[in-house]
Amino acid sequence: MIEVLMVLGAVPGRVAVLTDALEQFRSMGVTVRVVCTFDPDRIPAAADLAELHLLPTAKELGPRFGRMVKRASPARRPWLRAQRDPWIRRHAKRADVLVALDQQALHTVWQLAHRYRRADAVFGIAPALRAVEKRSADPARYRRPRLTTFGPSPLLVVNKSRSQTIDLAKVVLDAATGQKAMRLGAVRWFWHRAVAAPGVPERYRGKIARRVNTSMHRAGHKASANQLALAAQGRLKSNTTKGHLLGPIVEAELNQGRVPAHLMTVAKGQLAAADGFLKKRNPGKAAPHVLRAFDLMFHRIAHFDGVTSPLAEDPEGFLAPLHGSKVGQAMATPRGRRAPAQFPPADRPHRMLFFTGLNDNFLGPIVERYEAMPDVQVRRLNLVEESIRPVLSNGRTNLVHHLLAGTSKRAEEVEEAWGEHLAWADTVFVDWCNLPAAMLTMIDPGTTRVIIRLHSFEAFSWWPHLTDWSRVDDLVFVSEHLRDLTLAAVPRLRAPQGPRTHVVSNAMELHRYAGPKEADARFTVGLIGLSSLAKDPRWALAVLRELRKRDERYRLKLIGDDLRASLSPAVRAYVAELDRELAELEPSGAVVRTGRTEDVPGALTDVGVILSTSVRESFHCGLVEGAASGAVPVVRDWPFFAGREHSARSLFPSDWVVGTPEEAAERILAVTGTEDGWREAGQAAASHVVSTWDWSVTQKDFDRLLLEPPATAG
């Protein structure tokens, strides 16, 4: 009687075909046994026609062998389960025909055929039927033993030896790089040197370094793991591998409030990974790596929660990896517009659309002015309305996907939500270059003129890099130094398809700050706004100490919300130092905190000197408001811009600006030495700011921008 052993690596797509074959074998008097890698109950019809056998599971094989099965390729897994099964060995030895019924079973049948060579080995049901028919036609031939069918194939012996060697090597490597081994100092010492040894192939060095690094972390030796990662990355060429290794170090340092030395190494790794997926035309998988790179490059610890910023120090160099990457170039690709913006016809009012609702602090006087004009129609698009908010949800992720793919469903949703407003408007004005501005450029604005105003924080964020500037007509800054920084950080703004750029000051109604001051106000130094670390109020305390060394009548008045320690670890550390200094000064009355107030003019009546102590400002309205009240301005040469062509020294009169707390104290002592000298200096400052930056003056700049036909780029 002929015996057939079939191997099934997966549940057959058409069980009826298998059942028909088994019925044919039965009609021919053939004994059929079927080996399954799955529960035989899933092919119940076959149970009446053949003997079914389930291979032992990975769990039944024991933990070590079970892990080997899980790590093996899908094609090799059935054989790893079959080779330790006595039932398989017994029936494979007796089988006349070995049949692989699917791709997953091929390797198993190949291995059995090299061990039991008297059997025919075939792939598929039809070849199996032919093999049985051939044996049935000449049974005597197959009863004669042949020398070549005794024992396993020599090829199998070689292959098995090689396989056993590889398996042994894997077991040894697992043991030597595992968590338990990392508890031994000698093992850690060995791997520190091994991963940095010359001559190790890149792919092996990277894999081993990642595995050992992970094991050291799990074993509780984080410092050792970090040292190993740093040693290995020096020998690696792949940015992706370097980034993977150094990622935990960078994360830990950011969580501690420090700017990591290898921040951009990890960001480059994410960009390299994104480039790889984009090259394979898979923008969906590239997008998460771009987002992670953004999170690192524009992390608040690097730019907002410290007194320095790598972007401010060297915007071109810091962002070169982004601009040089494939994903960066894809996101920077200009989509353009079908038609240029058109100035409105003279026979109807100028239609202006303002985006409002998210942060309108600097927009009020502008909108009110044009709402009051009879030849202007104003519409507000409130971005916090229920109908609008869904369009903005998960906005950054949707923008990245859109820019990498070149199209998206979200763009269609933006068109549906905002298209009617854009079609109505002649001019749309978006204050702040953030999410709404970037999402607006997902769609073609038609002939509507698009104007965006960029303040300070956006220059240190990802938003300008997610904005399609070929669909923006005019970009407005509040100062020259901010324009310089932004143009350096975002090169495509200087491209032919980039927008016109303008410098127009904030709309400030400065006349309302004028008021009388008592004589002793000259000894009160004021600081407006300290809710961000960029305001650096500790610098003001340093100035106060210098003043009080000479005259203890000087005091510091802090106006505004306190800096919140919960913003980040870096802010928490700064606030701890600030609180320690305030605890020394407040009890004597040297420092007074008023908290937030809606009556800033009232809070300034007893302030004789107004400070700007910030590390960065786009303009600093609080300083100008204080000067408008008659307080003498003293401006720190903002470190983010100091020494450049445009800075605080080019924005304000040169005698206002100082470089150190000592210089600030000297200026204050000089201008407040006499009451008459102080009042004269304060009146001169008030006259300068009102004549230069009051809304009655700057509104003409907005009229030229919004109501007159645009000139060439500025």
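Residues numbered from 1 in each chain as written. Predicted model: local features only at pLDDT ≥ 70, side-chain atom pairs only at ≥ 80, totals over all residues. Heavy atoms only, no water.

**Some details on the pattern of salt bridges**
Opposite charge on two side chains lets them pair, provided their charged atoms get close.
Argument step 1. What the rule picks out here adds up to 40 salt bridges.
Argument step 2. For the salt bridge of Arg-580 with Glu-584, the shortest nitrogen-to-oxygen distance reads 3.5 Å. Of this pair, Arg-580 and Glu-584 both sit in helix H27 (residues 569-585), four residues apart, roughly one helical turn.
Argument step 3. When salt bridges that share partners are traced, they join Glu-3, Arg-33, Glu-51 and Arg-94 into one network. (Salt bridge = Lys/Arg side-chain N within 4 Å of Asp/Glu carboxyl O. Helix = DSSP H or I, 4+ residues; strand = E, 2+ residues; numbered from the N terminus.)

**Considerations on the pairing of strand E1 (residues 3-8)**
Argument step 1. Across the six residues that make up E1, a large majority, six, are buried.
Argument step 2. Here E1 shows two buried faces, one formed by Glu-3, Leu-5 and Val-7 and the other by Val-4, Met-6 and Leu-8.
Argument step 3. The pairing of E1 with strand E2 (residues 31-36) spans six bridges and is classified as parallel. Counterpart to Val-4 in the pairing with E2 is Val-32. (Buried < 20%, exposed > 50% of the residue type's maximum accessible area, 1.4 Å probe, protein only. Pairing = 2+ DSSP bridges.)

**A closer look at the packing of helix H9 (residues 185-194) against helix H10 (residues 202-218)**
Argument step 1. Interaxial distance between H9 and H10 falls to 11 Å at its minimum, and their mutual angle equals 150 degrees. Regarding the angle of H9 to H10, the classification is roughly antiparallel. In this structure, the crossing between H9 and H10 has a hand that is left-handed. Counting all contacts with H9, which are made through Arg-188, Trp-191, His-192 and Ala-194, the residues of H10 involved are Arg-205, Ile-208, Val-212 and Met-216.
Argument step 2. Residues of the contact of H9 with H10, tallied by class, amount to five nonpolar, one polar and two charged. (Axes fitted to C-alpha atoms, helices over the stretch in contact; angles between N-to-C directions. Parallel < 35°, antiparallel > 145°, perpendicular 65-115°, else oblique. Left-handed = near helix turned anticlockwise from the far one by under 90°. Contact = heavy atoms within 4.5 Å. Nonpolar A, V, L, I, M, F, W, Y, C, P; charged D, E, K, R; others polar.)

**A closer look at the sheet that holds strand E9 (residues 449-453)**
Argument step 1. Strands sit in the order E7-E6-E8-E9-E10-E11 across an open sheet of six strands; the sheet is parallel. At either end of the open sheet lies a strand with only one pairing partner, and these are strand E7 (376-382) and strand E11 (500-503). Between one strand and the next, the sheet's axes are offset by a mean angle of 20 degrees, whatever the strand orientation.
Argument step 2. One ladder, built from seven bridges, connects strand E6 (residues 350-356) with E7; its direction is parallel. Bridge pairing in E7 places Thr-356 opposite Asn-382.
Argument step 3. Lying on the sheet, helix H20 (residues 364-371) is in contact with E6, E7 and E9; it crosses E7 at an angle near 140 degrees.
Argument step 4. Sitting on the sheet, helix H25 (residues 480-489) touches strand E10 (474-477) and E11, and the angle it makes with E11 is about 150 degrees.

**Looking at H20**
Argument step 1. Taken together, the buried positions of H20 are occupied by Pro-365, Ile-366, Val-367 and Tyr-370.
Argument step 2. Close packing links the buried residues of H20 with E6, E7, E9 and helix H33 (695-707).

**Some thoughts on the environment of Glu-251**
Argument step 1. Assignment of secondary structure puts Glu-251 in helix H12 (residues 239-255).
Argument step 2. On a C-alpha basis, the gap between Glu-251 and Phe-640 in space is 25 Å, while along the polypeptide they are 389 residues apart.

**Some thoughts on the sheet that holds strand E3 (residues 51-54)**
Argument step 1. Strand order in the open sheet formed by five strands is E3-E2-E1-E4-E5, with parallel pairing between adjacent strands. Two strands lie at the open edges of the sheet, namely E3 and strand E5 (120-123), each paired on one side alone. In this sheet, adjacent strand axes meet at a mean angle of 20 degrees when their direction is disregarded.
Argument step 2. Sheet topology note: the strand E4 (residues 97-100)/E5 ladder contains four bridges and is parallel.

**Considering the packing of aromatic side chains**
Argument step 1. For the coordinates displayed, the defined rule picks out 19 aromatic pairs.
Argument step 2. When the ring of Phe-652 is compared with that of Trp-656, the centres are 5.6 Å apart and the planes differ by 25 degrees; the resulting orientation is stacked. The exposure classification of Phe-652 matches that of Trp-656, with both residues buried.
Argument step 3. Linked through ring pairs, Phe-304, Phe-362, Trp-432, Phe-457, Phe-460 and Phe-640 together constitute an aromatic cluster.
Argument step 4. Geometry around Trp-424 places Arg-379 over its ring, the cationic atom sitting 4.2 Å from the centre.
Argument step 5. When the ring centre of Trp-462 is taken as origin, the NZ or CZ atom of Arg-396, which lies over that ring, is 4.2 Å away. (Phe/Tyr/Trp six-rings, centres within 6.5 Å; stacked < 30°, edge-to-face > 60°. Lys NZ or Arg CZ within 6 Å of the ring centre and 35° of its normal.)

**Considerations on the environment of Phe-652**
Argument step 1. For Phe-652, the location among the structural elements is in the loop between helix H30 (648-651) and strand E17 (657-658).
Argument step 2. In sequence terms Phe-652 and Gln-699 are 47 residues apart; their C-alpha atoms lie 20 Å from each other.
Argument step 3. Not counting the four nearest positions on each side in its chain, Phe-652 is found in contact with Phe-619, Leu-623, Val-624, Val-635, Trp-638, Val-657 and Trp-693.

**Quick word on the nonpolar core**
Argument step 1. Counting residues in each nonpolar core, the largest one holds 125 residues, and the members touching the most others are Phe-294, Met-297, Leu-404, Trp-418, Leu-466 and Phe-652.
Argument step 2. Ranked by residue count, the leading element in this core is helix H14 (residues 283-297), at eight residues.
Argument step 3. Leu-533, Leu-556, Leu-585 and Ala-665 belong to the second largest nonpolar core, which has 31 residues in total. (Core = buried A, V, L, I, M, F, W, Y, C linked by side-chain atoms within 4.5 Å.)

**Structural notes on the environment of Glu-675**
Argument step 1. Mapping Glu-675 onto the fold places it in helix H32 (residues 675-693).
Argument step 2. For Glu-675, a relative accessible area of 32% gives the class partly exposed.
Argument step 3. The spatial distance from the C-alpha of Glu-675 to the C-alpha of Arg-545 is 22 Å, given a sequence separation of 130 residues.
Argument step 4. Leave out the neighbours within four places in its chain, and Glu-675 touches Ala-519 and Arg-522.

**Examining unusual backbone geometry**
If a residue is not glycine, its phi is most likely negative; likewise, a peptide bond is most likely trans.
Argument step 1. Located in the positive-phi region is Arg-281, a residue other than glycine, with phi close to 60 degrees.
Argument step 2. A positive phi angle, close to 50 degrees, is found at Asn-394, a residue other than glycine.

**Overview of the side chain of Arg-410**
Argument step 1. As for its position among the elements, Arg-410 is in helix H23 (residues 409-424).
Argument step 2. A polar atom in the side chain of Arg-410 sits 2.8 Å from the backbone oxygen of Ser-393.
Argument step 3. Of note is the side chain of Arg-410, whose polar atom sits 2.7 Å from the side chain of Glu-413.
Argument step 4. Apart from residues no more than four positions distant in its own chain, Arg-410 is found in contact with Pro-390, Val-391, Leu-392, Ser-393, Asn-398, Met-439 and Met-442. (Polar contact = N/O pair within 3.5 Å; in protein donor to acceptor, adjacent residues only side chain to side chain.)

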